Amino acid sequence: MAYKKKIPVDLDCPLRLTMSLIESKWKSCILDELRDGQPRRPSEIHKCLPEAAPRVLDMQLKEMVEDALVEKTIYPELPPRSEYRISELGMSLIPIIDRMLKWGEEHFNIFERKYGKN
């Protein structure tokens, strides 16, 4: 049985459409890691985001490939090797991610006081 997203893509509102494509905890981080355009093997992406479960990253990468935000290349070798690269469509989300990063930096102190470092 094929994997099906738990939350369907919402086509009724442009904001909800965008959020449904990058709403998971790791998709924006994956795009940020791939922003330089260099292909990355799955293990390299996992190393960049060690707090994410590999299974979750693999599922989110699969969704991102299906949504054309990321391109996957599989090399016909033994053992098989695959690489991920951000697509042109995925690159179009980088300004949004940059703005999110800037907002987080600008408001860091508010949330550091609230949540603190444990």
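So, how was this worked out
Residues numbered from 1 in each chain as written. Predicted model: local features only at pLDDT ≥ 70, side-chain atom pairs only at ≥ 80, totals over all residues. Heavy atoms only, no water. Axes fitted to C-alpha atoms, helices over the stretch in contact; angles between N-to-C directions. Helix = DSSP H or I, 4+ residues; strand = E, 2+ residues; numbered from the N terminus. Parallel < 35°, antiparallel > 145°, perpendicular 65-115°, else oblique. Contact = heavy atoms within 4.5 Å. Nonpolar A, V, L, I, M, F, W, Y, C, P; charged D, E, K, R; others polar. Buried < 20%, exposed > 50% of the residue type's maximum accessible area, 1.4 Å probe, protein only. Arc of directions from axis to C-beta.

Participant: What exactly am I supposed to notice about the packing of helix 2 (residues 27-34) against helix 6 (residues 94-106) here?
Facilitator: Packed helices, taken two at a time, are described by the angle their axes make and the gap between the axes. Running from N to C, helix 2 and helix 6 cross one another at 110°; their axes reach a closest spacing of 10 Å. Regarding the angle of helix 2 to helix 6, the classification is roughly perpendicular. Between helix 2 and helix 6, the residues in contact are Ser28, Leu31 and Asp32 and Ile94, Ile97, Met100 and Leu101, respectively. Broken down by class, the residue content of the contact of helix 2 with helix 6 amounts to 5 nonpolar, 1 polar and 1 charged.

Participant: Sorry if this is basic, but what is going on with the packing of helix 2 against helix 4 (residues 54-66) here?
Facilitator: Running from amino to carboxyl end, helix 2 crosses helix 4 at an angle of 75°, the nearest separation of the two axes being 10 Å. One element, helix 2, and the other, helix 4, form an angle in the roughly perpendicular class. Where helix 2 abuts helix 4, its residues Lys27, Ile30 and Leu31 lie against Leu57, Gln60, Leu61, Glu63 and Met64. The residue makeup of the contact of helix 2 with helix 4, split by class, is 5 nonpolar, 1 polar and 2 charged.

Participant: Got a minute to help me understand helix 2 in this structure?
Facilitator: Since one α-helical turn is 3.6 residues long, residues separated by three or four positions face the same way. Residues Lys27, Ser28, Ile30, Leu31 and Leu34 constitute the buried set of helix 2. Down the axis, helix 2 shows its buried residues gathered within 160° of arc, on one side only.

Participant: Is there a simple way to explain unusual backbone geometry in this structure?
Facilitator: Peptide bonds are trans in most cases, and residues, glycine excluded, mostly fall at negative phi. The step from Leu78 to Pro79 runs through a cis peptide bond, and the omega angle for that step is -5°. Looking at where Pro79 falls in the secondary structure, it is placed in the loop between strand 1 (70-75) and strand 2 (81-86). Positive phi is not limited to glycine here, since Ala68 has a value of about 65°. Structurally, Ala68 can be placed in the loop between helix 4 and strand 1.

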